[in-house]
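Spelled out, the chains give:
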Amino acid sequence: WRGGLTGRASGSSFSSTSCWSTSSGGASAGLAPGTADRTNFDGNATGDCTLDSTTAGSITTTSGYTGTITQSGQNVSLANDVSIGGGTFVGHAGQTISTNQSGSYNGGIVVSGGVFNGNGAALAVKGLYVSGGTFTAGAGNFSTNNGGTSIVSGGTATFGSGTVSFAGLVTL
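Residues numbered from 1 in each chain as written. Predicted model: local features only at pLDDT ≥ 70, side-chain atom pairs only at ≥ 80, totals over all residues. Heavy atoms only, no water.

### Quick notes on the pairing of strand S6 (residues 68-71)
Residues of S6 alternate between two faces, with Ile69 and Gln71 buried on one and Thr68 and Thr70 left unburied on the opposite face. In the sheet, strand S3 (residues 49-51) pairs with S6 via three bridges, with the strands oriented parallel. Among the inter-strand pairings, leucine 51 is bridged to a residue of S6, identified as glutamine 71. Bridging between S6 and strand S9 (residues 88-90) involves three bridges; their strand directions are parallel. Within the sheet, the bridge partner assigned to threonine 70 lies in S9 and is valine 90. (Buried < 20%, exposed > 50% of the residue type's maximum accessible area, 1.4 Å probe, protein only. Helix = DSSP H or I, 4+ residues; strand = E, 2+ residues; numbered from the N terminus. Pairing = 2+ DSSP bridges.)

### What about the sheet that holds strand S18 (residues 156-158)?
Reading across the sheet, the seven strands line up as S1-S3-S6-S9-S12-S15-S18 and stay open at both edges, with parallel pairing between neighbours. Every other strand in the sheet has two partners, leaving strand S1 (12-13) and S18 as the edge strands with one partner each. As judged from the three bridges shared by strand S12 (residues 115-117) and strand S15 (residues 134-136), these two strands associate in the parallel manner. Bridged to phenylalanine 116 within S15 is phenylalanine 135.

### Thoughts on the nonpolar core
Ranked by size, the top nonpolar core spans 30 residues in total, and within it Phe41, Phe89, Phe116, Leu123 and Phe135 carry the most contacts. When residues of this core are traced back to their parent elements, those giving at least two are S3, strand S7 (76-78), strand S8 (82-84), strand S11 (109-111), strand S13 (122-125) and strand S14 (128-130). (Core = buried A, V, L, I, M, F, W, Y, C linked by side-chain atoms within 4.5 Å.)

### Looking at the pairing of strand S5 (residues 58-61)
The sheet contact formed by strand S2 (residues 38-41) and S5 spans four bridges and is parallel. Bridge pairing links arginine 38 to serine 58 in S5. Pairing between S5 and S8: three bridges, direction parallel. By the bridge assignment, threonine 60 is partnered in S8 with serine 83.

### Points about the environment of aspartate 52
Mapped onto the elements of the fold, aspartate 52 is located in the loop between S3 and strand S4 (55-56). Judged by relative accessible area, aspartate 52 falls into the partly exposed class, the value being 28%. Separated by 21 residues in sequence, aspartate 52 and glycine 73 place their C-alpha atoms 7.6 Å apart. Beyond its immediate stretch of four places on either side in the chain, aspartate 52 contacts Ser13, Phe14, Ser15, Ser72 and Gln74. A distance of 3.4 Å separates a polar atom in the side chain of aspartate 52 from a polar atom in the side chain of serine 13. At 2.7 Å, the side chain of aspartate 52 forms a polar contact with the side chain of serine 15. (Contact = heavy atoms within 4.5 Å. Polar contact = N/O pair within 3.5 Å; in protein donor to acceptor, adjacent residues only side chain to side chain.)

### Section: the packing of aromatic side chains
According to the stated counting rule, one finds twelve aromatic pairs in the structure shown. On the numbers, 5.1 Å between centres and 5° between planes, the contact of phenylalanine 89 with phenylalanine 116 is stacked. One end of the pair, phenylalanine 89, is in strand S9; the other, phenylalanine 116, is in strand S12, with 27 residues separating them in the sequence. The burial state of phenylalanine 89 is the same as that of phenylalanine 116; both residues are buried. Relative to phenylalanine 166, the ring of phenylalanine 159 has its centre 6.0 Å away and its plane inclined at 85°; by these criteria the two rings are edge-to-face. Judged by its relative accessible area of 30%, phenylalanine 159 falls in the partly exposed class. You can call phenylalanine 166 partly exposed: its relative accessible area is 32%. Cluster of aromatic residues (ring-pair linked, three or more members): Phe89, Phe116, Phe135, Phe142, Phe159 and Phe166. (Phe/Tyr/Trp six-rings, centres within 6.5 Å; stacked < 30°, edge-to-face > 60°.)

As structure tokens, then:
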């Protein structure tokens, strides 16, 4: 992610071709991430991002990322994890964030730092792993699928008024 760098405004769209590079801090690749691409938000560009794309391979933030990724008004389907190590991820009420792009749940929500706030989005993933930072499901439904494992070993995990369903091993 190159958002926030010179010529790349903070708050740029996820689909902006000038905001992505194939290396950390590198030149623009001229392409937005595709359905199999693993996206990385690190300390080399800390600008906010508007998640206006419906698919990606995965979304990862590292401890050096201090910006906010905000889901727009569409469902998001990932092939793998949403992994939050820094910064903030904010879902969109009434929309869905899922890890079943291939038709089978393959990824989870992993929070080791930073903040994941479902903000009323429905969350459908394979597992939930919280070892640091803050996970808040919000008012949307939360479900794990395909017998995924869910572990909360540190940080904070809060579920809101939506239905919460775990399918598989849960360790708190």
